[in-house]
Amino acid sequence: MKMKNRTIIFEKRPVGKPTAECFRFTENPVPEPGEGEVLLKSLFVSVDPYLRGRMNVGKSYTAGFNLGDPMKSGVVAEVIKSKNPAFKSGEFVAGLLNWSEYQTSNGAGLSKVDAEAAPLSAYQGILGMPGLTAYLGLMEIGRPKPGETIVVSGAAGAVGNIVGQIGKILGCRVVGIAGGDEKTEMLKTEFGFDDAVNYKTTPNIRKAISDACPNGVNIYFDNVGGEISDGVIMNINKFARVIICGVISQYNEIRIPTGPRLQGILLVNSALMKGFIVNDFAEKFPEAIQQLKKWYKEGKLINKETIVEGFENIPEAFFGLFEGTNTGKMMVKI
Ligand SMILES: NC(=O)c1ccc[n+]([C@@H]2O[C@H](COP(=O)([O-])OP(=O)(O)OC[C@H]3O[C@@H](n4cnc5c(N)ncnc54)[C@H](OP(=O)(O)O)[C@@H]3O)[C@@H](O)[C@H]2O)c1
């Protein structure tokens, strides 16, 4: 009997928060690789906030998903069969792949990953896209100097915790913002943040950041946007750099809420506010990965992850990003 292969199809565009109806599970036989192809078995599937943007009509970070197509994200997979001379069975690869248990690929866009150098899951986290985003956003736009104060929102998440850890390696004061006392405690005890603010219980973010940053804010690495960011930006110093990495607080909004006008604060502080997409820095990926690997090997960077078990739980894991059920990189082990 042929082995079954489950795939998750993008079925319905969400209005507001994504729900189970947005996805449909299909079952088909495991495909046979053609000439020049490999058969891949998915091991770790990444779920990411940016996928929410791809579920809307039109372009977000990148082209939107088409209804009826398989969902796609970063996947670490094992080569099970190979008819492509560049890959051997038993090798591990990472790439942008379908939410399928098994799939074929012609090898384009796949990169081999070394299971000896780090756990395979780390290639979705500290040695993958979140690590690159944290490192390159901070270094290329933030340009931190020792002694400066960095505030990072979404600090207990995949990108945020790495930003804070790098900030500490570089000799900065680091203050994180996250949702929950357990998370803020973890930032201080596990990752060495100097201070942390629980945005869910803090009545006044502006004051909390002012208290946590006695010398003001030189760099704000923003993963969430909205009122949290308004409160931080009120505390920026002259020549501050505000790095817009993500605005997860708005991804499920049907109408984007308006907030205070911040241009005046940027103006009087001669501050820079800049958005970026990690691929903007694609030519720097090799050097960034080399540095991240070095710090990881030296034990200076911790790889934090939340691993949900089971292919059928990919949608739940994705929804969890908007509820903060993860610390570090959220992914699903197949
Ligand atoms: N520019 C780029 O190239 C790039 C690349 C990767 C990621 N990103 C962006 O970076 C951000 C973080 O991504 P990630 O992969 O590291 O995800 P993540 O931080 O691991 O997960 C999302 C976190 O966002 C927080 N959150 C959810 N809803 C929120 C809300 N309404 N207000 C405040 N916080 C909320 C939750 O933590 P709490 O418990 O603290 O609420 C949750 O754990 C996202 O905005 C993402 O789109 C951008």
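Up top is the structure.
Note that the structure is predicted; figures quoted are calculated from it, not measured.

Visitor: Looking at this structure, how should I read the packing of helix α2 (residues 129-142) against helix α8 (residues 285-297)?
Guide: Any two packed helices are characterised by the angle at which their axes cross and by the distance between the axes. Contact pair α2 / α8: the axes reach a minimum separation of 10 Å and the direction vectors enclose 100°. By the angle between their directions, the pair α2 and α8 is classed as roughly perpendicular. Of the residues in α8, those touching α2 at Gly131, Leu132, Tyr135 and Leu136 are Phe285, Ala288, Ile289, Gln291, Leu292 and Trp295. Split by residue class, the contact of α2 with α8 holds eight nonpolar, two polar and no charged.

Visitor: Help me understand the side chain of Asp48 in this model?
Guide: With respect to the helices, strands and loops of the structure, Asp48 is situated in the loop between β3 (38-46) and α1 (50-54). Of the residues examined, Asp48 reaches a relative accessible area of 5% and is grouped as buried. Beyond its immediate chain neighbours, meaning those up to four positions away, Asp48 contacts Ser73, Met129, Phe318, Leu321 and Lys329.

Visitor: Is there a simple way to explain the site of the ligand in this structure?
Guide: Around the ligand there are 28 residues in total, and Lys183, Tyr199, Tyr251, Val278 and Asn326 lie nearest to it. In the model, an oxygen atom of the ligand is placed 2.5 Å from a nitrogen or oxygen of the Tyr199 side chain. Here Val278 contributes a backbone N or O atom positioned 2.7 Å from an oxygen atom of the ligand. Elements with a minimum of two residues in the shell around the ligand: α2 and α3 (158-169).

Visitor: Got a minute to help me understand the layout of surface pockets in this structure?
Guide: In this approach, a probe sized like a water molecule rolls over the atoms, and the result shows the empty space that is left. The volume enclosed by the second largest pocket comes to roughly 160 Å³. What lines the second largest pocket is a set of 13 residues, among which Arg52, Asn56, Gln250, Tyr251 and Glu253 lie closest to the centre. A per-class count over the lining of the second largest pocket returns six nonpolar, five polar and two charged.

Visitor: Hey, could you run me through the nonpolar core in this one?
Guide: It is characteristic of soluble globular proteins that their nonpolar side chains tend to be buried jointly. Residues Leu138, Ile166, Leu187 and Phe221 are the most contacted members of the largest nonpolar core, which totals 46 residues. Of all the secondary-structure elements, those providing two or more residues to this core are β3, α2, β8 (149-153), α3, β9 (173-178), α4 (181-189), β11 (217-222) and α8. Element by element, the count of residues in this core is highest for α2, at six residues. Apart from residues no more than four positions distant in its own chain, Ile166 is found in contact with Ala134, Tyr135, Leu138, Leu292, Trp295 and Leu301. By size, the runner-up hydrophobic cluster in this structure holds 31 residues, among which are Phe23, Val47, Ala77 and Trp99.

Visitor: What am I meant to see in the sheet that holds strand β12 (residues 236-244) here?
Guide: Note on sheets: strands pair through backbone hydrogen bonds, and any given pair is parallel or antiparallel. In spatial order, the strands read β10-β9-β8-β11-β12-β13; together these six strands make up an open sheet with parallel pairing. Looking at which strands have only one partner, the edges of the open sheet turn out to be β10 (195-198) and β13 (272-275). Ignoring which end each strand starts from, the neighbouring axes of this sheet average 15° apart. Pairing analysis gives three bridges linking β8 to β11, with the strands arranged parallel. Residue pairing across strands places Val152 opposite Phe221, the latter belonging to β11. Set on the sheet, α4 makes contact with β9 and β10; between it and β10 the angle comes to about 170°.

Visitor: Where do I start with the packing of helix α5 (residues 205-212) against helix α6 (residues 226-233) in this structure?
Guide: Two elements in contact, α5 and α6, have axes separated by 8 Å at closest approach and are oriented at 45°. Here α5 lies oblique to α6, going by the angle between them. The handedness of the crossing between α5 and α6 is right-handed. Within the contact between the two elements, α5 uses Ile205, Arg206 and Ile209 and α6 uses Ile228, Gly231 and Val232. Within the contact of α5 with α6, the residues separate by chemical class into four nonpolar, one polar and one charged.

Visitor: What is the right way to read the pattern of salt bridges from this model?
Guide: It is possible for side chains of opposite charge to pair when their charged atoms get near one another. One pass over the full model with this rule turns up 15 salt bridges. Residue Lys112 is joined to Glu91 by a salt bridge in which the shortest nitrogen-to-oxygen separation is 3.3 Å. In this pair, Lys112 sits in strand β7 (residues 111-113) while Glu91 sits in the loop between β4 (72-82) and β5 (92-98), placing the two residues 21 residues apart along the sequence. Residue class for Lys112 comes out partly exposed when judged on its relative accessible area of 46%. In this structure, the salt-bridge partner of Asp211 is Lys207, at a minimum N-O distance of 2.8 Å. Remark: Lys207 and Asp211 occur in helix α5; sequence separation between them is four residues, near one turn of the helix. Owing to a relative accessible area of 48%, Lys207 belongs among the partly exposed residues under this scheme.

Visitor: Just to check I follow, could you spell out the pairing of β4 for this structure?
Guide: Regular strands show a simple pattern: their side chains alternate between the two faces of the sheet. One ladder, built from seven bridges, connects β3 with β4; its direction is antiparallel. Among the inter-strand pairings, Leu40 is bridged to a residue of β4, identified as Val79. By the bridge criterion, seven bridges tie β4 to β5 in an arrangement that is antiparallel. What sits directly across from Gly74, in β5, is Leu96.

Visitor: For this particular structure, what's the right way to read the packing of aromatic side chains?
Guide: Counted according to the given criterion, the structure contains ten aromatic pairs. Ring geometry for Phe23 versus Trp99: centroids 5.9 Å apart, planes at 40°, classification tilted. Remark: Trp99 occurs in the loop between β5 and β6 (102-105) and Phe23 occurs in strand β2 (residues 23-29); sequence separation between them is 76 residues. Relative to Trp295, the ring of Tyr135 has its centre 5.9 Å away and its plane inclined at 65°; by these criteria the two rings are edge-to-face. Here the residue Tyr135 occupies a position in helix α2, and Trp295 occupies one in helix α8, the gap between them amounting to 160 residues. Relative accessible area serves as the criterion here: at 7%, Trp295 is assigned to the buried category. Taken together, the ring pairs in this structure connect Phe23, Trp99, Phe318, Phe319 and Phe322 into an aromatic cluster. Lying across the ring of Phe65, Arg54 places its NZ or CZ 4.2 Å from the centre. The ring centre of Phe239 lies 5.4 Å from the NZ or CZ of Lys238, which sits over that ring.

The rules we used
- Residues numbered from 1 in each chain as written.
- Predicted model: local features only at pLDDT ≥ 70, side-chain atom pairs only at ≥ 80, totals over all residues.
- Heavy atoms only, no water.
- Axes fitted to C-alpha atoms, helices over the stretch in contact; angles between N-to-C directions.
- Helix = DSSP H or I, 4+ residues; strand = E, 2+ residues; numbered from the N terminus.
- Parallel < 35°, antiparallel > 145°, perpendicular 65-115°, else oblique.
- Contact = heavy atoms within 4.5 Å.
- Nonpolar A, V, L, I, M, F, W, Y, C, P; charged D, E, K, R; others polar.
- Buried < 20%, exposed > 50% of the residue type's maximum accessible area, 1.4 Å probe, protein only.
- Near = heavy atom within 4 Å.
- Polar contact = N/O pair within 3.5 Å; in protein donor to acceptor, adjacent residues only side chain to side chain.
- 1 Å grid on protein atoms, 1.4 Å probe; cavity = no way out; pocket = protein on both sides within 12 Å on 5 of 7 lines; lining within 4 Å.
- Points joined across faces, edges and corners; volume = space filled by probe spheres on them.
- Core = buried A, V, L, I, M, F, W, Y, C linked by side-chain atoms within 4.5 Å.
- Pairing = 2+ DSSP bridges.
- Left-handed = near helix turned anticlockwise from the far one by under 90°.
- Salt bridge = Lys/Arg side-chain N within 4 Å of Asp/Glu carboxyl O.
- Phe/Tyr/Trp six-rings, centres within 6.5 Å; stacked < 30°, edge-to-face > 60°.
- Lys NZ or Arg CZ within 6 Å of the ring centre and 35° of its normal.

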